[in-house]
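What the coordinates show
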Amino acid sequence: MTITGQIVDILNERIFPGEINIKDGKIQSIVECSDAPSRYILPGFVDSHIHIESTLLLPENFAPLSLAQGTIGVVADPHEIANVLGEDGVDFMIESGRKVPFYFYFCAPSCVPCSPFENAGAVLNSSDIERLMEREDVFALAELMNAFGTINGDAEILAKIAAAQKYGKPVDGHAPGFRGDAAKKYIEAGVSTDHECTTIEEAEERIAMGMKILIREGSAACDFEALFPLLNSHKDNVMLCTDDKYADDLLEGSINQIVSRAMNKGLPLWNVLRAACITPVFHYHLRHGILRIQDTADFIIVDSLKDFNV
């Protein structure tokens, strides 16, 4: 199979007319041509943090809506179902996701229950997290909501972080409002990302301490307007996410909406696409292709590099 168009090579920051030759689901070659159709071929978008349960859809039903918007993979925290069913809930989500051609990168929920005052039905202790972390179908320790326990040395929380580190898997954060020494202790405990920043000052402080920031634009929380300058000033330390996206909002768009808004702000194309397509792949060690020879043939075709209609 051969696909032709304008190749958007994010890694090398160039666009050229070319053809992609595919065999057995892998890219065999990418050849520059003298001419090609005026459609743009680029790596698919990645939602770097989402709770699929918030869409009220099963993973197998969530996938077609996301694919229609150009999102080919999601880093998903099955926290809500795990709160009720524990590890069985995580397994249920993984099995549902396997029914469709979509990249679900599920994480191990770090705080089940979210607080000792909850009694939703399940508990995931550090031994459970250790077992989840050794699985090849679990990609990270999901958002560490017990931020106070983390900075105060809670033994169970630190054991969960240690389990993720043992298997070389990142730890996602959730520490709204933590600044200064509190933020420093939280990051030094091993937390590598946060999607809860709502001000540019908070985000820049965390980036300076070594953290990556996820710009969130979902249904329940919208931080793009506050944080979009990061795509200009800190291109290698930013990803995009929706966190909580309702199904009717997903019909209107997902990561493609954020990308389009960023382009309409006049932000550099390569910075925006790096955050949307590339940085999550390297940070979370994701398995889909990013338009390289011998990658799996995972890509999207859009009508323009402004509106990003897939």
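Residues numbered from 1 in each chain as written. Predicted model: local features only at pLDDT ≥ 70, side-chain atom pairs only at ≥ 80, totals over all residues. Heavy atoms only, no water.

1. Examining the packing of helix H4 (residues 126–133) against helix H6 (residues 155–166)
Packed helix pairs are specified by the crossing angle of their axes together with the interaxial distance, meaning the distance between the axes. Where H4 meets H6, the axes come as close as 9 Å, and the angle between the chain directions of the two elements is 10°. When the interaxial angle is binned, H4 and H6 end up roughly parallel. Here the hand of the crossing between H4 and H6 comes out right-handed. Of H6, the residues touching H4 (which contributes Ser126, Ile129, Glu130 and Met133) are Glu156, Ala159, Lys160, Ala163, Ala164 and Lys166. Tallied by class, the residues present in the contact of H4 with H6 amount to five nonpolar, one polar and four charged. (Axes fitted to C-alpha atoms, helices over the stretch in contact; angles between N-to-C directions. Helix = DSSP H or I, 4+ residues; strand = E, 2+ residues; numbered from the N terminus. Parallel < 35°, antiparallel > 145°, perpendicular 65-115°, else oblique. Left-handed = near helix turned anticlockwise from the far one by under 90°. Contact = heavy atoms within 4.5 Å. Nonpolar A, V, L, I, M, F, W, Y, C, P; charged D, E, K, R; others polar.)

2. A few points about the sheet that holds strand E11 (residues 212–216)
The strand order across the open sheet built from five strands is E8-E9-E10-E11-E12, with neighbouring strands paired in parallel fashion. Unpaired on one side and paired on the other, strand E8 (141–144) and strand E12 (238–241) mark the two borders of the sheet. In this sheet, E12 lies alongside E11 in parallel orientation, the contact comprising four bridges. Along E12, the bridge assignment pairs Arg216 with Cys241. In this fold helix H13 (residues 269–284) packs onto strand E9 (171–173), strand E10 (193–194), E11 and E12, with an angle of close to 105° to the strand it touches most, E12. (Pairing = 2+ DSSP bridges.)

3. A word on the packing of helix H12 (residues 255–264) against H13
At a minimum axis separation of 10 Å, H12 and H13 run at an interaxial angle of 165°. Here H12 lies roughly antiparallel to H13, going by the angle between them. As H12 packs across H13, the resulting crossing turns out to be right-handed. Contact with H12, carried on its side by Ile255, Val259, Ala262 and Met263, involves Leu269, Val272, Leu273 and Ala276 of H13 and no other residues of that element. Per-class residue counts for the contact of H12 with H13 are eight nonpolar, no polar and no charged.

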